[in-house]
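Here's the letter readout for the chains.
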Protein chains: 2
Amino acid sequence: MASPLSTLCTPALVVDVDKVKKNAQRMIERCEKLGVQLRPHMKTHKTLECADIMTGGSRRCIVVSTLAEACFYADHGFDDILYAYSLPFDKVERCAILSERLELFQVLLDHPDALEQLKKRPLRDGRLWHEAGVQLTGVYAHCGNTYNCKGVQEIQAVAKETTSFTLQFMEKLKAVGITCKSSIGSTPSCSHPVQDMAKLSEVHPGNFVFYDVQQSLIGSCGVEEVAVRVLTRVIGHCPHRNQLLIDCGWTGLSLDGAGKLPTGYAVIEGHPNLKLLSMTQEHGRVEPISGKLDYSMYPLGSLLTLIPYHSCATAMMHPVYHVHSEGILVGKWIPTRGW
Amino acid sequence: MASPLSTLCTPALVVDVDKVKKNAQRMIERCEKLGVQLRPHMKTHKTLECADIMTGGSRRCIVVSTLAEACFYADHGFDDILYAYSLPFDKVERCAILSERLELFQVLLDHPDALEQLKKRPLRDGRLWHEAGVQLTGVYAHCGNTYNCKGVQEIQAVAKETTSFTLQFMEKLKAVGITCKSSIGSTPSCSHPVQDMAKLSEVHPGNFVFYDVQQSLIGSCGVEEVAVRVLTRVIGHCPHRNQLLIDCGWTGLSLDGAGKLPTGYAVIEGHPNLKLLSMTQEHGRVEPISGKLDYSMYPLGSLLTLIPYHSCATAMMHPVYHVHSEGILVGKWIPTRGW
């Protein structure tokens, strides 16, 4: 039986699977056209289903932000996993075990001490280890400064600069006889790639599969491409404060985005005059940007839809994502958590 | 074999069980002395083990913030549960089922429409329902404005005012023939109760079992009473920015407390000159409040200990709490999540 979104108890994170597929497909095609390998980042959603969509079902060539994600994906048949985190010294043994289990498991190093840590734990079958030491697979840069951009032009200027720095570094490595891969990331730069990025081996964006209000303000996407929402209900009328209470507090949205939007912590879809002013653990306070609230428009129990400022932070708060196609529920995705 | 805290992978939420027991016991004794029933709130920790400590093992007379908590505790033999949330219209059926299952399950009403919703779903065995309608169990106030206080005197002034308003309201109810219970909450007011609170039926604080930096600033506790920490490790040196990177981002601490402390998002125990300036998903940026960082004091892999600004928000980010006694690990607590 077809259940519409309105049957969900709130707050609920809802994922538009058609938009997810479209966002994923567009990135896959963009990278194919450019001639660069896409290695999508899993940190935004941390689910199997979305990973399948982002890898086109290959279950190969992904980036993760935690070892818990790495193990979760390894346990489910994923391989060629890049743990995009400077080798944490407390997790060398767990990293070594993953390296021994998988065809390819990569870690990041940014300090000579980390190399010493790796050398102390040779791998069982000698994989990755040469007699001379560790094998350098590639050079990884985040391109995170694209998050300070506004508009395609600024994004592409940063993308160009990051690409150029990275390629110059590759040349220097080549001059001393080292040939290896290169990868840059960030959803803004990969949503509007510059031609030079074709000279890189890989790109590793992640947020693009959901996008969010932040990405729309940067210029990575339009608001209509954002694939996630938090459904919430009106649970209180506070005429003495000219406010509504909704059943979404920071446990349902996160506190990310404070002070960034005229509409407060989120965009309330279809209600441009409403502002999510503040949140407690399980309550949100909503007020009009101007004028008096017309409470008859927002009866107790009525639904409101929040577009998150930062979908990575909002998704993190939810133990289950409710997946829909055109407003009809089609499944649930369960993310992995922890480290 | 005794494992010290330093064997944990980080970031990790660690709970000092001795402090938890002490905080719980002190509140139990305070309420006994005052002659008021303690109904502890579970929202801060959401675990069975901590609920047992807070109820002195009775598994009776608790408050919860979500229906997921209510079901979790009901499933484990808890009863006399107050769901401290204005009746959510989408959850009437689930509330009714809990009312039918438990000896006592209470919901809050703050609007006549909510009463109509309840009346539409009579309980199977008639519990709580009279021929005349719904039974009013009591009056509930949060006393949340104590969070704006600084020091015992201000806390007690608010506690006195809230108690006085509540008791006046009880008198008005009595005048029209209604006798029922009364309850106020908040960790600040219950940490420093005023004598008049003895005239209330119940109090319902929750955070006190962990406390946090916020509570110490309000004056509810001393920092030495805070029972939780986030363990984190140094994972990067950034001398060009005079910063350290630590492996605790907002997934390990939450973004609560922004702009509230001279030391940033947390207090870094034993390092009063360090500030947790900002966080990304999995990284924290730490810089000295003044002067140049001496990196030899913070080698890669070394441990730092964060005292959270708001323990409710920090605990929410962790799928498991690591419990210790005097620094030796003694177990894990698994919280419930969702709604």
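The name that an unreviewed UniProt entry assigns to chain A is Zgc:162816, with the source organism given as Hippocampus comes.

## Considerations on the sheet that holds strand E3 (residues 60-64) of chain A
All names here are of chain A. On the basis of which strands lie adjacent, the open sheet formed by three strands has the order E3-E4-E5 and parallel pairing. Single-partner strands in this sheet number two, and they are E3 and strand E5 (105-108). Recorded for the sheet is a direction-independent mean angle of 15° between the axes of neighbouring strands. Judged from the four bridges that link them, strand E4 (residues 79-86) and E5 form a sheet pairing that is parallel. Opposite Leu82, over in E5, you have Gln106 as the bridge partner.

## Quick look at the UniProt feature "domain: D-serine dehydratase-like" (unreviewed entry) in chain A
In the numbering used here, UniProt assigns the "domain: D-serine dehydratase-like" (unreviewed entry) feature to residues 227-325 of chain A. Helix makes up 10% of residues 227-325 of chain A and strand 40%, with an end-to-end C-alpha separation of 11 Å.

## A few points about the packing of aromatic side chains
Taken as a whole, this structure holds ten aromatic pairs over all chains when the rule is applied. When the centroid spacing of 5.9 Å and the interplanar angle of 15° are considered together, the rings of Tyr83 of chain A and Tyr85 of chain A count as stacked. Classification of Tyr83 of chain A by relative accessible area gives buried; the value is 2%. Under the relative-accessibility criterion, Tyr85 of chain A is labelled buried at 4%. Judged by centre distance (6.3 Å) and plane angle (20°), the ring pair of Tyr83 of chain B and Phe105 of chain B falls under stacked. Of this pair, Tyr83 of chain B sits in strand E4 (residues 79-86) while Phe105 of chain B is found in strand E5 (residues 105-108), placing the two residues 22 residues apart along the sequence.

## With respect to the domain arrangement of chain A
Residues and elements named next belong to chain A. The domains assigned to chain A are domain 1 (17-209) and domain 2 (223-333). Look at where the C-alpha atoms of domain 1 and domain 2 centre, and you get two points 33 Å apart. The partner domain 2 presents 18 residues to the 16 residues of domain 1 that form the contact. Counting each side, the surface lost to burial between domain 1 and domain 2 is near 1,200 Å², with a carbon and sulfur contribution of 54%. In this structure, the connection of domain 1 to domain 2 is made through one salt bridge. For Arg26, the salt bridge goes to Glu225, with nearest N and O atoms at 2.5 Å. Sorting the residues of the side of domain 1 that touches domain 2 by element identifies helix H1 (17-34) and helix H2 (48-54) as the ones contributing at least two each. A total of six residues in the side of domain 1 that touches domain 2 trace back to one element, the largest contributor, which is H1. In terms of residue class, the side of domain 1 that touches domain 2 is made up of five nonpolar, five polar and six charged.

## Considering a nonpolar patch on the surface
Residue and element names in this part refer to chain A. Residues Leu136, Val176 and Ile178 make up a contiguous nonpolar surface patch of about 270 Å² in total accessible area. Within the secondary structure layout, Val176 lies in the loop between helix H6 (152-175) and strand E9 (181-184). Accessibility expressed as a relative area gives 62% for Val176, which makes it exposed.

Thresholds applied
Residues numbered from 1 in each chain as written. Chains lettered and ligands numbered in written order. Predicted model: local features only at pLDDT ≥ 70, side-chain atom pairs only at ≥ 80, totals over all residues. Heavy atoms only, no water. Pairing = 2+ DSSP bridges. Helix = DSSP H or I, 4+ residues; strand = E, 2+ residues; numbered from the N terminus. Axes fitted to C-alpha atoms, helices over the stretch in contact; angles between N-to-C directions. UniProt positions renumbered as here; feature names shortened; annotations may be inferred. Phe/Tyr/Trp six-rings, centres within 6.5 Å; stacked < 30°, edge-to-face > 60°. Buried < 20%, exposed > 50% of the residue type's maximum accessible area, 1.4 Å probe, protein only. Domains from an automatic or database assignment. Contact = heavy atoms within 4.5 Å. Buried area = accessible area lost by both parts, 1.4 Å probe. Salt bridge = Lys/Arg side-chain N within 4 Å of Asp/Glu carboxyl O. Nonpolar A, V, L, I, M, F, W, Y, C, P; charged D, E, K, R; others polar. Patch = residues over 30% accessible without salt bridge, like charges linked within 9 Å, V, L, I, M, F, W, Y side chains within 5 Å. Areas by Shrake-Rupley, 256 points an atom, 1.4 Å probe, with all protein chains shown as cover.

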